Number of protein chains: 2
Amino acid sequence: MSKKYSIDKIFKALADANRREIFHLLVVATSALSLTQITAEFDISRQGITKHIKLMEDAGLIQTHNKGRERFCEVDPTPLNEIKDWLAVYDKFWDDKLKSLGDFLDKKA
Amino acid sequence: MSKKYSIDKIFKALADANRREIFHLLVVATSALSLTQITAEFDISRQGITKHIKLMEDAGLIQTHNKGRERFCEVDPTPLNEIKDWLAVYDKFWDDKLKSLGDFLDKKA
DNA sequence: TATATTTGCAACCATATAGTTGCGTATAAA
DNA sequence: TTTATACGCAACTATATGGTTGCAAATATA
């Protein structure tokens, strides 16, 4: 089970409020949205949106497909698992640490 | 319960392999580490490390204190909760969606 | 066919990032 | 007191980021 996406790119993609809003918009949308539709929800230009989409696509968070002259975007939450896995390592570490502290205290008692 | 740390800064702090390694080093360390001690583990200069530490300190992921001529760093995992909270929103969203799909199918059956 | 819409590409700008080096200063050790 | 260590500050470089505009091409509509 090799890592499909770069965790650097995933963290970077999420480290921007506009991109997180785009992500949110695509999550709650009932269907794929075109670049123009997404642009309509923001104060930045279409090219700005395009760049954000590109970055998120490279991170695996968004998938796109062309239909006619339009380009539709939809969200793919899979890469979020990389972040969850990264976090889980430390949760486990601190959990184990607490447990061994408990064992230590039990022995003393 | 207001958000103490900027989620932008937290994501940004973690979006760099060197910084994640510094974080890891400080997690597994049994005590606080000085800048020189941290620098010894990396291929970049002390000033480079200093800059990374600053960024992580601004994100709340590291706390520092001076002792004599040395500056000690230790990790603070609290800001990771901001990320967990952010992720949880979407977990809940998709969970609810699945549940209502289940309800829908139950009614049809 | 002529016009309007959606997009991509390229150039550009300002600022941030990731890194360096040099130097001065404070603290500790000889 | 002299020397060595740990650090901060400032300047500098190269590249990335977040944004813009203008223009051309493809597709849809009148």
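Residues numbered from 1 in each chain as written. Chains lettered and ligands numbered in written order. Predicted model: local features only at pLDDT ≥ 70, side-chain atom pairs only at ≥ 80, totals over all residues. Heavy atoms only, no water.

Draft legend 1. Quick peek at the overall build of chain A. When helices and strands are tallied, chain A shows five helices and three strands. Listed by position from the N terminus, the elements making up chain A come as α-α-β-α-α-β-β-α. Over its C-alpha trace chain A gives a radius of gyration of 20 Å, far above what one expects of a compact globule, namely 13 Å for 109 residues. Seen along its three principal axes, the alpha-carbon backbone of chain A occupies a region of about 70 × 30 × 25 Å. Contacts spanning at least 24 positions in sequence make up 55% of the contacts within chain A whose residues lie at least 6 apart. (Helix = DSSP H or I, 4+ residues; strand = E, 2+ residues; numbered from the N terminus. Rg over C-alpha atoms; globule rule 2.2 N^0.38 Å. Contact = heavy atoms within 4.5 Å.)

Draft legend 2. Highlighting the protein's contact with DNA strand D. Residues in close proximity to DNA strand D total 23 residues, the closest being A:Arg19, A:Ser45, A:Lys51, A:His52 and B:Thr36. Those atoms of DNA strand D that come within 4 Å of the protein belong to sugar or phosphate at a rate of 61%. Within the side chain of B:Gln47, one N or O atom sits 2.8 Å away from a base nitrogen of DNA strand D. Put simply, the parts of the chain that give the surface near DNA strand D at least two residues each are helix H2 (17–28) and helix H4 (46–58) of chain A together with helix H3 (35–39), helix H4 (46–58) and strand S3 (70–75) of chain B. Taken together, the residues of the surface near DNA strand D sort by class into three nonpolar, 10 polar and 10 charged. (Near = heavy atom within 4 Å. Polar contact = N/O pair within 3.5 Å; in protein donor to acceptor, adjacent residues only side chain to side chain. Nonpolar A, V, L, I, M, F, W, Y, C, P; charged D, E, K, R; others polar.)

Draft legend 3. Representation of the interface of chain B and chain A within the structure. Contact residues are listed per partner, giving 25 residues for chain B and 25 residues for chain A. When the buried surface of chain B facing chain A is broken down by residue, B:Phe11, B:Arg20 and B:Trp86 rank first, second and third, together holding 23% of it. Linking A:Arg20 and B:Asp8 is a salt bridge whose minimum nitrogen-to-oxygen distance equals 2.8 Å. On inspection of chain B and its partner chain A, the count reaches six residue pairs in polar contact (both at pLDDT 80 or more). Contributions of two or more residues to the side of chain B that touches chain A are made by helix H1 (7–14), helix H2 (17–28) and helix H5 (80–108) of chain B. If you tally residues by element for the side of chain B that touches chain A, the top one is H5(B), at 10 residues. When the residues that make up the side of chain B that touches chain A are grouped by side-chain class, the tally is 17 nonpolar, one polar and seven charged. (Buried area = accessible area lost by both parts, 1.4 Å probe. Salt bridge = Lys/Arg side-chain N within 4 Å of Asp/Glu carboxyl O.)

Draft legend 4. Geometry of the packing of aromatic side chains. Scanning all chains against the criterion turns up 13 aromatic pairs over all chains. Between the aromatic rings of A:Phe11 and A:Trp86, the centroid separation amounts to 5.8 Å while the plane-to-plane angle is 85 degrees, which identifies the pairing as edge-to-face. Of this pair, A:Phe11 sits in helix H1 (residues 7–14) while A:Trp86 sits in helix H5 (residues 80–108), placing them 75 residues apart in sequence. Look at A:Phe11 and you get buried, because its relative accessible area is 0%. Relative to B:Phe11, the ring of A:Phe11 lies with its centre 6.1 Å away and its plane at 55 degrees, an arrangement referred to as tilted. Linking A:Phe11 in helix H1 with B:Phe11 in helix H1, this pair reaches from one chain into another. Among the aromatic residues, those joined into a cluster by ring pairs are A:Phe11, A:Phe23, A:Trp86, A:Tyr90, A:Phe93, A:Trp94, B:Phe11, B:Phe23, B:Trp86, B:Tyr90, B:Phe93 and B:Trp94. (Phe/Tyr/Trp six-rings, centres within 6.5 Å; stacked < 30°, edge-to-face > 60°. Buried < 20%, exposed > 50% of the residue type's maximum accessible area, 1.4 Å probe, protein only.)

Draft legend 5. Looking closely at the pairing of S3(B). All names here are of chain B. Here strand S1 (residues 33–34) pairs with S3 via two bridges, running antiparallel. Its bridge partner being in S3, Ser34 is matched across the sheet by Phe72. As paired strands, strand S2 (residues 62–67) and S3 are joined by six bridges and run antiparallel to one another. Within S3, the position partnered with Ile62 by the bridge is Val75. (Pairing = 2+ DSSP bridges.)

Draft legend 6. Examining the sheet that holds S2(B) more closely. Residues and elements named next belong to chain B. With antiparallel pairing, three strands are arranged side by side in an open sheet as S1-S3-S2. Of all the strands in the sheet, the pair left with one neighbour each is S1 and S2. Across the sheet, H4 lies against S2 and S3, angled at about 120 degrees from S2, the strand it touches most. (Axes fitted to C-alpha atoms, helices over the stretch in contact; angles between N-to-C directions.)

Draft legend 7. The environment of A:Lys67, seen in detail. In this fold, A:Lys67 is placed in strand S2 (residues 62–67). Using a relative accessible area of 58% as the deciding quantity, one classes A:Lys67 as exposed.

Draft legend 8. Representation of the protein's contact with DNA strand C. Neighbouring DNA strand C are 23 residues, the closest being A:Thr36, B:Arg19, B:Ser45, B:Lys51 and B:His52. Near the protein, within 4 Å, the atoms of DNA strand C are sugar or phosphate in 62% of cases. One nitrogen or oxygen atom from the side chain of A:Arg46 is found 3.0 Å from a base oxygen belonging to DNA strand C. One nitrogen or oxygen atom from the side chain of B:Arg69 is found 3.1 Å from a base oxygen belonging to DNA strand C.

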